[in-house]
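# Observations on chain architecture
If you want the building blocks of each chain, they are given just below.
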Amino acid sequence: MKQEEFKRVITCPYCGRPEILVDGKAPVRISVRCTKFNNRFYIADLLTGKTEQSVAYKRLGRQR
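Read on for a plain summary of the structure.

Reading the values: the criteria
Residues numbered from 1 in each chain as written. Predicted model: local features only at pLDDT ≥ 70, side-chain atom pairs only at ≥ 80, totals over all residues. Heavy atoms only, no water. Helix = DSSP H or I, 4+ residues; strand = E, 2+ residues; numbered from the N terminus. Buried < 20%, exposed > 50% of the residue type's maximum accessible area, 1.4 Å probe, protein only. Contact = heavy atoms within 4.5 Å. Areas by Shrake-Rupley, 256 points an atom, 1.4 Å probe, with all protein chains shown as cover. Phe/Tyr/Trp six-rings, centres within 6.5 Å; stacked < 30°, edge-to-face > 60°. Lys NZ or Arg CZ within 6 Å of the ring centre and 35° of its normal. Patch = residues over 30% accessible without salt bridge, like charges linked within 9 Å, V, L, I, M, F, W, Y side chains within 5 Å. Salt bridge = Lys/Arg side-chain N within 4 Å of Asp/Glu carboxyl O. Pairing = 2+ DSSP bridges. Axes fitted to C-alpha atoms, helices over the stretch in contact; angles between N-to-C directions.

Helix and strand content of the protein chain: 0 helices and 5 strands. Mapped in sequence order, the helices and strands of the protein chain form the string β-β-β-β-β. For the protein chain, the proportion of its 64 residues judged to be buried stands at 19%. Intrachain contacts of the protein chain at a sequence separation of at least 6 include 21% that bridge at least 24 residues. Accessible area of the protein chain: about 5800 Å², with a carbon and sulfur share of 48%.

Shown next as structure tokens:
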């Protein structure tokens, strides 16, 4: 198994810890929960590497 190195690290805007490891850029935004403060959420843009504070959203359910 080949070990790959992740080139980009996105840090949490609340605690400053590196939370997300990314190996490339993509036009995707993801919702992430802080591991230190479990009730805080943020949105990470994988294309620009920027984060913004957010609130928790309800899941819509599985797409079938």
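Structure's up, so let's keep going.
The subject of this paragraph is the packing of aromatic side chains. Per the counting criterion, the structure on display carries 0 aromatic pairs. The residue whose ring lies beneath Arg 40 is Phe 37, and the NZ or CZ to ring-centre distance is 4.9 Å.

If you trace the backbone, Ser 54 turns up in strand E5 (residues 51-54). Once you skip the residues sitting within four places of it in the chain, Ser 54 turns out to touch Tyr 14, Phe 41, Tyr 42 and Ile 43.

Turning to a nonpolar patch on the surface, a few remarks are in order. Taken together, the side chains of Phe 6, Val 9 and Leu 21 define a hydrophobic patch exposed on the protein surface, amounting to about 280 Å² of accessible area. Checked against the element boundaries, Leu 21 lands in strand E2 (residues 18-22).

A separate point is the pattern of salt bridges. Oppositely charged side chains are able to pair whenever their charged atoms sit close together. Counting across every chain of the model gives 1 salt bridge. For Glu 52, the salt bridge identified is with Arg 29, shortest N-O distance 3.4 Å. Note that Glu 52 is positioned in strand E5 and Arg 29 in strand E3 (residues 29-33), a separation of 23 residues in sequence. By relative accessible area, which is 53% here, Arg 29 ends up exposed.

Across the sheet, 3 strands lie side by side as E3-E4-E5; this open sheet has antiparallel pairing. A strand with exactly one partner marks an edge of an open sheet, and here the two such strands are E3 and E5. With direction set aside, neighbouring strand axes in the sheet form an average angle of 30 degrees. Across 5 bridges, E3 lies against strand E4 (residues 41-45) in antiparallel orientation. Its bridge partner being in E4, Ile 30 is matched across the sheet by Ala 44.

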